[in-house]
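Here's the letter readout for the chains.
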Amino acid sequence: LYKLVVAREEKSFGYRPAEPQVYYVLGRLYNLGYKHFSNPEYLTKSESFLRQGVAISPLRVEYVNELADSLLLQGRQEEAESLIKNHAAKVGPPYSYIFLGHLHFALQRYDLALAEYKKAEAEGISFWANDIYYSRYVFAGQQAGDFEAVLRLSKEYLAKKKPSADVFFNQAVAYYYLGNK
């Protein structure tokens, strides 16, 4: 089924060669193919398609992130870091802090990720409003041992969104480590 989907998408590529979304979809499909089937050829194809997509649409963050993911899967950490840092410099704060935070998160540098997330937060980004941002912020905070930040964000989330068992659990963990057992 995977090969059928990729073949159909590659066929559509022939109809829309100037459409950057085609390059992104194909690059993402090949990244996913590598993750599931461990075929190194898929990473080569992924990188090629994603580079073309980034060339056509250089400010699309999802294209840059997917290319960075492909590079990381190939063990090319320095190149992925350079790509993300260059992209962050182009877009500037506050989103540059989020991109850099996500990079550090992917590289399991949770203290650095949290520091970047806090900079974005200081610039007005509401981490409670986006579940992926919230989850990464909290996980980075837990790994970095900053349970005050985890507790503060969890309280903000609960005050502005619907109740969530995950958020209540994060709050409980923060209270535990802050000594409020």
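Predicted model only: the values in this text are computed from it and were never measured. Chains are numbered independently. Their residues run from 1 in the order of the written sequence. Per-residue local features are limited, in this predicted model, to residues with pLDDT of at least 70; the limit for side-chain atom pairs, both in listing and counting, is 80 or more; totals at the level of whole chains, interfaces and linings are taken over all residues. Side-chain numbers here rest on the full set of heavy atoms in the structure, without hydrogens or water.

Colleague: Outline the overall build of the protein chain, supporting the account with residue identities and numerical values.
Modeller: Under the DSSP-based scheme used, a helix requires at least four consecutive residues in state H or I and a strand at least two consecutive residues in state E, with every element numbered from the N terminus. Within the protein chain, the regular secondary structure consists of ten helices and zero strands. In terms of overall dimensions, the protein chain has C-alpha extents of about 60 × 35 × 30 Å along its principal axes. Of all 181 residues assigned to the protein chain, the portion counted as buried reaches 44%. Throughout, a contact is declared for two residues whenever any of their heavy atoms are within 4.5 Å. Restricting to contacts in the protein chain with at least 6 residues of sequence separation, those with at least 24 account for 48%. For the protein chain, the distance from the average site of its 22 positive side-chain charges to the average site of its 20 negative ones is 4 Å. The buried label goes to any residue with under 20% of its type's maximum accessible area, the exposed label to any with over 50%, and the partly exposed label to all in between, with areas taken from a 1.4 Å probe on protein chains only. His is not counted, nor are the chain ends, whereas Lys and Arg count as positive and Asp and Glu as negative. For this purpose, a charge sits on NZ of Lys, CZ of Arg, CG of Asp or CD of Glu.

Colleague: Describe the pattern of salt bridges, and please don't skip the residues or the numbers.
Modeller: In what follows, salt bridge is the name for a side-chain nitrogen of Lys or Arg lying within 4 Å of a carboxyl oxygen of Asp or Glu. Evaluation of the coordinates by the stated rule reveals 16 salt bridges. A salt bridge links Glu 79 to Arg 51, with the shortest nitrogen-to-oxygen separation between them at 2.5 Å. One end of the pair, Glu 79, is in helix 5 (residues 77-91); the other, Arg 51, is in helix 3 (residues 40-56), and 28 residues separate them in sequence. Assessed through its relative accessible area of 32%, Glu 79 is described here as partly exposed. Residues joined in a network through salt bridges with shared partners are Glu 47, Arg 51, Arg 76 and Glu 79.

Colleague: For helix 4 (residues 61-73), give the residues involved together with the corresponding values.
Modeller: The length a helix should cover is 1.5 Å for every residue beyond the first. With 13 residues, helix 4 extends 18 Å between its outermost C-alpha atoms, agreeing within 8% with the 18 Å of an ideal straight helix rising 1.5 Å per residue. Looking at helix 4, one finds that the buried residues are Tyr 63, Val 64, Glu 66, Leu 67, Ala 68, Ser 70 and Leu 71. Count one or two residues on from helix 4 and you reach Gly 75, which has phi positive near 80°.

Colleague: Run through helix 8 (residues 131-144), naming residues and quoting values.
Modeller: The end-to-end C-alpha distance of helix 8, which contains 14 residues, comes to 20 Å, matching closely the 20 Å that a straight helix rising 1.5 Å per residue would cover. Along helix 8, the positions that sit buried rather than exposed are Tyr 133, Tyr 134, Tyr 137, Val 138, Ala 140, Gly 141 and Gln 142. On the buried face of helix 8, the contacting elements are helix 6 (95-106), helix 7 (110-122), helix 9 (147-160) and helix 10 (165-177). Put simply, Asn 130 is the residue that caps the front of helix 8, since its side-chain oxygen is 2.9 Å from the backbone nitrogen of Ile 132. Whenever a nitrogen or oxygen atom comes within 3.5 Å of another N or O atom, the pair is scored as a polar contact, on the condition that within protein one atom can donate a hydrogen and the other can accept it, and that pairs from neighbouring residues in sequence are kept only if both atoms are in side chains.

Colleague: Hey, could you go over the packing of aromatic side chains for me, with residue numbers and the actual values?
Modeller: Geometrically, a pair of aromatic rings is defined through the distance of the ring centres and the angle of the planes. Between the rings of Phe, Tyr and Trp (Trp by its six-membered ring), a pair exists once the centres lie within 6.5 Å; its type follows the angle of the planes, with under 30 degrees stacked, over 60 edge-to-face, and the other angles tilted. For the structure on display, the rule yields 15 aromatic pairs. The interplanar angle of 80° and the centroid separation of 5.2 Å between the aromatic rings of Tyr 110 and Phe 139 together place this pair among those described as edge-to-face. On the criterion of sequence distance, the pair formed by Tyr 110 in helix 7 and Phe 139 in helix 8 is long-range, its members being 29 residues apart. Classification of Phe 139 by relative accessible area gives partly exposed; the value is 33%. Ring centres of Phe 147 and Tyr 177 lie 4.6 Å apart, and the angle between their planes is 15°; on these two criteria the pair is classed as stacked. Of this pair, Phe 147 sits in helix 9 while Tyr 177 sits in helix 10; the two residues are 30 residues apart in sequence, bridging distant segments of the chain. For Tyr 177, a relative accessible area of 53% translates into the label exposed.

Colleague: Summarise the packing of helix 2 (residues 20-37) against helix 3; cite the residues concerned and give the values.
Modeller: Lines fitted to C-alpha atoms define the axes here, with helix axes fitted over just the stretch in contact, and angles between the N-to-C directions of these axes take values from 0 to 180 degrees. Remark: helix 2 packs on helix 3, axes separated minimally by 8 Å, with the N-to-C direction vectors making an angle of 160°. It follows from the interaxial angle that helix 2 and helix 3 lie roughly antiparallel. Here helix 2 and helix 3 pass one another in a crossing that is left-handed. Between helix 2, through Pro 20, Tyr 23, Tyr 24, Leu 26, Gly 27, Arg 28, Tyr 30, Asn 31, Gly 33, Tyr 34 and Phe 37, and helix 3, the contact on the second element is made entirely by Pro 40, Tyr 42, Leu 43, Lys 45, Ser 46, Phe 49, Leu 50, Gln 52, Gly 53 and Ile 56. Side-chain classes follow a simple rule in which Ala, Val, Leu, Ile, Met, Phe, Trp, Tyr, Cys and Pro form the nonpolar group, Asp, Glu, Lys and Arg form the charged group, and the remainder, Gly included, forms the polar group. Of the residues in the contact of helix 2 with helix 3, the class split is 13 nonpolar, six polar and two charged. Convention used here: angles under 35 degrees read as roughly parallel, angles over 145 as roughly antiparallel, angles from 65 to 115 as roughly perpendicular, and any remaining angle as oblique. Rotating anticlockwise by less than a right angle from the far helix to the near helix defines a left-handed crossing, while the corresponding clockwise rotation defines a right-handed one.

Colleague: Residues and numbers for the confidence of the model for the protein chain, please.
Modeller: Reading predicted coordinates in detail is not appropriate for stretches of low pLDDT. Summary of the metric used: pLDDT quantifies the predictor's per-residue confidence within the range 0 to 100. Looking at the protein chain as a whole, the pLDDT averages 93, with 99% of positions reaching at least 70. Considering each helix and strand of the protein chain separately, the mean pLDDT is smallest for helix 1 (residues 2-15), with a value of 84, and largest for helix 7, with 98.

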